[in-house]
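A closer look at the structure
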Amino acid sequence: MTKKKITVAALADELKSRLNSNKSIDCCKEELINLANIAKDKIGKEMVEVNWKD
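Heads up: these notes are all about the structure in this document. (Residues numbered from 1 in each chain as written. Predicted model: local features only at pLDDT ≥ 70, side-chain atom pairs only at ≥ 80, totals over all residues. Heavy atoms only, no water.)

Points about the overall build of the protein chain
- In terms of regular secondary structure, the protein chain is built from two helices and zero strands.
- Its C-alpha atoms give the protein chain a radius of gyration of 13 Å, more than 25% over the compact-globule value 10 Å for 54 residues.
- Burial analysis of the protein chain (54 residues in total) assigns 6% to the buried set.
- Carbon together with sulfur atoms contributes 54% to the accessible area of the protein chain, which is approximately 5,700 Å² in total.
- Across the protein chain, the mean location of the 11 positive side-chain charges is 5 Å away from that of the 9 negative side-chain charges. (Helix = DSSP H or I, 4+ residues; strand = E, 2+ residues; numbered from the N terminus. Rg over C-alpha atoms; globule rule 2.2 N^0.38 Å. Buried < 20%, exposed > 50% of the residue type's maximum accessible area, 1.4 Å probe, protein only. Areas by Shrake-Rupley, 256 points an atom, 1.4 Å probe, with all protein chains shown as cover. Lys, Arg positive; Asp, Glu negative; His and termini not counted. Charge placed at Lys NZ, Arg CZ, Asp CG, Glu CD.)

Observations regarding the layout of surface pockets
- The computed volume of the largest pocket comes to approximately 660 Å³.
- Together, 18 residues line the largest pocket, and Lys-4, Ile-6, Leu-11, Glu-31 and Asn-34 are the ones closest to its centre.
- Of all the elements in the fold, those that place two or more residues in the lining of the largest pocket are helix 1 (8-20) and helix 2 (29-43).
- Examining the composition of the lining of the largest pocket, we find that five residues originate from one element, helix 2, more than from any other.
- Grouping the constituent residues of the lining of the largest pocket by class yields eight nonpolar, three polar and seven charged. (1 Å grid on protein atoms, 1.4 Å probe; cavity = no way out; pocket = protein on both sides within 12 Å on 5 of 7 lines; lining within 4 Å. Points joined across faces, edges and corners; volume = space filled by probe spheres on them. Nonpolar A, V, L, I, M, F, W, Y, C, P; charged D, E, K, R; others polar.)

Here we look at a nonpolar patch on the surface
- Together, Val-48, Val-50 and Trp-52 give the surface a local cluster of nonpolar side chains, amounting to about 400 Å² of exposed area.
- Looking at the secondary structure, you find Trp-52 in the segment after helix 2.
- On the basis of relative accessible area, Trp-52 is assigned to the exposed category, the value being 74%. (Patch = residues over 30% accessible without salt bridge, like charges linked within 9 Å, V, L, I, M, F, W, Y side chains within 5 Å. Salt bridge = Lys/Arg side-chain N within 4 Å of Asp/Glu carboxyl O.)

Here's the deal with the pattern of salt bridges
- For the structure on display, the rule yields one salt bridge.
- Two residues, Arg-18 and Glu-14, come together in a salt bridge whose shortest N-O distance is 2.8 Å. With a gap of four residues between them, Arg-18 and Glu-14 both fall in helix 1, about one helical turn apart.
- Overall, Arg-18 belongs to the partly exposed group, its relative accessible area being 21%.

As structure tokens, then:
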């Protein structure tokens, strides 16, 4: 594993690609937590429609 810095857009593209091809995103747990923190801090008041699965 190699650490490198990428843009949020590049991470979003990779995550969307993985989700759309039914690949696991388990490898990206730390990155998803970092992305969630950025979203909370930078765009936390924006609204998004969700379909939660229990």
